[in-house]
Amino acid sequence: MTQQQKSLAEKSMIAAARDKLQAENKTLEKRLQELSRQYSLLKAQYAQEQEVNAHNMRSLMQQGRDFQDELEEYREFTLQPEIMPLHAAFLQEKEEQRQREEEEQQERERQKAEARQQSERDQHIRQEPEAVPQRRRSRMR
């Protein structure tokens, strides 16, 4: 191979390597643009979620303060001298009602247990063989 042929072969190899690198570079640039676009979208979503979370937190904190204020108003109301006896009577009535409901629940449970036991006894009786032996017929001719 002559010097000129060697030189042309090297130039051809260099050009092929350059073309390959340029193609890889283009592919990497496209991938970088795609990743940059995804990053921007994710960053915007994150910022939006943070804003929503901050709004929700402020709203919950305000609700908590409102509930505390309302509870304090109820407490102050129940401590008024003309209200205290009515409030005490109301609480007494509620306690009596709770006790009645508890007793009724216990009675229902007792009745269910009795019914279940009776059902089990009835079933047991039906399953027992007859205790009285049957008479055999004698064969008389």
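Our subject is the structure listed above.
Residues numbered from 1 in each chain as written. Predicted model: local features only at pLDDT ≥ 70, side-chain atom pairs only at ≥ 80, totals over all residues. Heavy atoms only, no water.

**Some words on the overall build of the protein**
To be explicit about the condition: Going along the chain from the N terminus, every DSSP run of H or I of four or more residues is numbered as a helix, and every run of E of two or more is numbered as a strand. The globule rule used for comparison is 2.2 Å times the number of residues to the exponent 0.38, while the radius of gyration itself is calculated over C-alpha atoms. Working definition: with a 1.4 Å probe on protein chains only, accessible area under 20% of the residue-type maximum means buried, over 50% means exposed, and in between means partly exposed.
Along the protein, the regular secondary structure elements total two helices and zero strands. The C-alpha atoms of the protein give 46 Å as radius of gyration, which overshoots the globular expectation for 141 residues (14 Å, by more than 25%). With the principal axes as the frame, the protein shows a C-alpha extent of 135 × 100 × 15 Å. A buried classification covers 1% of the 141 residues belonging to the protein.

**Considerations on a negative patch on the surface**
Where we set the bar: Here, patches come from residues exposed beyond 30% relative accessible area and free of salt bridges, joined within 9 Å for like charges and within 5 Å for nonpolar side chains (Val, Leu, Ile, Met, Phe, Trp, Tyr). Surface accessibility follows the Shrake-Rupley procedure with a 1.4 Å probe radius. Residue values consider only the protein chains on display as shielding. For salt bridges, the criterion is a side-chain nitrogen of Lys or Arg within 4 Å of an Asp or Glu carboxyl oxygen. Counted as positive: Lys and Arg. Counted as negative: Asp and Glu, with His and the chain ends omitted from the count. For charged residues, the charge sits on one atom: NZ in Lys, CZ in Arg, CG in Asp, CD in Glu.
Residues Asp66, Asp69, Glu70, Glu73 and Glu76 make up a contiguous surface patch of negative charge. Inspection of the secondary structure assignment puts aspartate 66 in helix 1 (residues 3–78).

**Considerations on the pattern of salt bridges**
The full count for this structure, using the stated rule, is eight salt bridges. The residue arginine 18 makes a salt bridge to aspartate 19 at a minimum N-O spacing of 3.4 Å. Between glutamate 95 and arginine 98 there is a salt bridge, with the nearest N and O atoms lying 2.6 Å from each other. Linking glutamate 95 with arginine 98, this pair stays in helix 2 (residues 84–127), spanning three residues, or about one helical turn. The partly exposed category is assigned to glutamate 95, whose relative accessible area is 31%. Taking the relative accessible area as the measure of exposure, arginine 98 reaches 39% and is therefore partly exposed. What emerges from the salt-bridge pattern is a single network uniting Glu95, Arg98 and Glu102.

**What about the environment of arginine 110?**
Note the following rule: Any N or O atom pair separated by 3.5 Å or less is treated as a polar contact, with the protein-specific requirement of one donor-capable and one acceptor-capable atom, and with residues adjacent in sequence counted only for side-chain atom pairs.
Tracing the backbone through its elements, the reader meets arginine 110 in helix 2. A relative accessible area of 37% places arginine 110 in the partly exposed class. Distance in space between the C-alpha atoms of arginine 110 and leucine 41 is 65 Å, their sequence separation being 69 residues. Of note is the side chain of arginine 110, whose polar atom sits 2.3 Å from the side chain of glutamate 107. Of the polar contacts made by the side chain of arginine 110, one reaches the side chain of glutamate 114; its length is 2.2 Å.

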